[in-house]
Amino acid sequence: MFRGAIGIAAAAVSVIAATGLAQQSGQAAQDKAVRLNQIQVIGSHNSYHSGFAPSERKYLEMKNPKALRALDYSHAPLPVQFDGGVRQIEIDVFADSKGGRYAHLPIDDAAAKAGLPADPNFDPDHEMDKPGFKVMHVQGVDERSTCHTFVKCLTVVRTWSKQHPQHLPIFILVETKEDGGKQRPDMIATEPFTSQVFDALDAEIRSVFKPGEFITPDEVRGSASTLDAAVRAGGWPTLAKARGRVVFLLDQRKVETVYTEGHPSLKGRVLFTNAEPGRPDAAFTEQNDGTKETIDGLVKQGYLVRTRTDEGTEQARTNDTTRRDLVFSTGAQMISTDYPPSEPSQWTSFVVKFPDGLVARCNPVNKPAACVDSLLEPSATSTAKK
């Protein structure tokens, strides 16, 4: 009987192993047929955001409860989000060429003057003192982040990526933050994003990610006359070429022409611009409030599209799934939320996730007929290195 039990266990192990090999074989075959723009993933909004310290929260609650309501969310560190299935993140960056511009937090001074106890130091390692791009939401007010510098955030992403070499491509949306010289009197003045500052941004990315680890506009454009022409002709790489890599996307359309200056059709650049469809540099575009008709039309043309399911905590507070449900019916490749699979709303059951715990699904608008959801990436941890 004992030997029989051993035999049954061994047979079970063999079946599991065979199933795993079959799945790997099926995934490899599918990866050659499915392109990067033919999948759909969940993303987190302001992915670095760690929320407010107690006295900061209390001060905002007294002085600007409306602002606090909109900003009352936080995210786990990036690796935890990736483990939970997030495959698109958003990082806000502020230029700080000399360092120290954002090292002091005025809201803490205001809270102290209001008689509130001191909060923990938001930058105990003095990362904000060093030159380089900083990661935060609102300068002087909402600066607490799980990774204070752009380089540190990227290093965290790369480390996780190397530990999970078969992950689906991770989309990294970079939002450049500047006040345009119109800052409020109580706000820290920002540095403008010029073409030269964007050169420095590209350089910081290249200081962390090595050639081949990220998908570039040059790679997608290939021999086509423009990037727009390339994506309309199906130029996005297959998953066989995209797994284990990242894609950088530029959030602000207002800086599109600044970033492309001297780089027609994004030649030599790192990020894909949030472009006006039809422009030479068009490959990615945002439709955060777009209709199904508009989003699907852009997806069918070959563009990558990012949209949102919720904003300012409002949908999460009332479990309003109207926008979420509409978004899930579209072909937007990136579905962004403050409430990804492992971080549901604190007030209701609101959460944005795919059925059956899948990390991604075949795009409902442009997927190849043979695409199978479960072969994309069935779990966030299944591809970890042993």
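Each remark here, short or long, concerns the structure printed above.
About the criteria used
- Residues numbered from 1 in each chain as written.
- Predicted model: local features only at pLDDT ≥ 70, side-chain atom pairs only at ≥ 80, totals over all residues.
- Heavy atoms only, no water.
- Helix = DSSP H or I, 4+ residues; strand = E, 2+ residues; numbered from the N terminus.
- Expected span 1.5 Å × (residues − 1).
- Buried < 20%, exposed > 50% of the residue type's maximum accessible area, 1.4 Å probe, protein only.
- Arc of directions from axis to C-beta.
- Contact = heavy atoms within 4.5 Å.
- Disulfide = S-S within 2.5 Å.
- Salt bridge = Lys/Arg side-chain N within 4 Å of Asp/Glu carboxyl O.
- Core = buried A, V, L, I, M, F, W, Y, C linked by side-chain atoms within 4.5 Å.
- Polar contact = N/O pair within 3.5 Å; in protein donor to acceptor, adjacent residues only side chain to side chain.

K.L.:
What is the right way to read helix α7 (residues 195–208) from this model?
P.N.:
Because the α-helix completes a turn every 3.6 residues, residues three or four places apart line up on one side. Here α7 spans 21 Å end to end across 14 residues, near enough to the 20 Å set by a 1.5 Å rise per residue. The set of residues buried in α7 consists of Ser 195, Val 197, Phe 198, Leu 201, Asp 202, Glu 204, Ile 205 and Val 208. The buried residues of α7 all sit within an arc of 165 degrees when viewed along its axis, so they share a single face. Against the buried residues of α7 lie β2 (88–94), α6 (150–163), β4 (170–176), β6 (246–250) and α11 (256–260).

K.L.:
What exactly am I supposed to notice about the environment of Phe 214 here?
P.N.:
One can find Phe 214 in strand β5 (residues 214–215). Taking the C-alpha atoms as reference points, Phe 214 and Pro 169, 45 residues apart in sequence, are found 8.9 Å from one another. Those residues in contact with Phe 214 that sit more than four places away from it in its chain are Arg 206, Phe 209, Glu 219, Arg 245, Val 246, Phe 248 and Val 270.

K.L.:
So what exactly am I meant to see when it comes to the state of the cysteines here?
P.N.:
Enumeration over the complete set of coordinates arrives at two disulfides. The disulfide bridge from Cys 147 ends at Cys 153, spanning 2.0 Å between sulfur atoms. Of note, the bridge from Cys 147 to Cys 153 carries an S-S torsion of about 95 degrees and is right-handed in sense. In this pair, the class of Cys 147 matches that of Cys 153, namely buried. Note that Cys 362 is cross-linked by a disulfide to Cys 371, the S-S spacing being 2.1 Å. In this structure, the disulfide formed by Cys 362 and Cys 371 twists by about -85 degrees around the S-S bond and is classed as left-handed. The connectivity of the disulfides in the protein is 1-2, 3-4, where the numbers refer to bonded cysteines in sequence order.

K.L.:
Quick question: what am I supposed to make of the pattern of salt bridges here?
P.N.:
Side-chain pairs of opposite charge can arise whenever the charged atoms involved come near each other. Summed over all chains, the structure comprises 26 salt bridges. A salt bridge links Asp 281 to Arg 279, with the shortest nitrogen-to-oxygen separation between them at 3.6 Å. One salt-bridge network, held together by shared partners, links Glu 56, Asp 108 and Arg 144.

K.L.:
So what exactly am I meant to see when it comes to the nonpolar core here?
P.N.:
Within soluble globular proteins, side chains that are nonpolar generally end up buried alongside one another. Core analysis: the biggest nonpolar cluster contains 68 residues, and Val 93, Phe 150, Ile 172, Phe 248, Leu 271 and Phe 272 have the highest contact counts within it. The residues contacting Ile 172, other than those within four sequence positions of it, are Ile 89, Ile 91, Leu 154, Val 157, Val 246, Val 247, Phe 248 and Leu 249. Within the second largest apolar cluster, 15 residues are counted, among which are Phe 52, Leu 60, Leu 105 and Phe 122.

K.L.:
Would you mind going over the environment of Asn 363 with me for this structure?
P.N.:
Residue position: Asn 363 is located in the segment after β10 (360–362). Each C-alpha atom, one on Asn 363 and one on Gln 333, is 7.0 Å from the other, the two residues being 30 residues apart in sequence. Setting aside anything within four residues of it in sequence, one finds Asn 363 in contact with Asn 37, Gln 38, Ile 39, Gln 40, Val 299, Gly 331, Ala 332 and Gln 333. Within the structure, the side chain of Asn 363 is placed 3.4 Å from the backbone oxygen of Ile 39, a separation counted as a polar contact. A polar contact is formed between the side chain of Asn 363 and the backbone nitrogen of Asn 366, at a distance of 3.4 Å.

It is worth stressing that arrangement in space is one thing and function is another; only the former is reported here.
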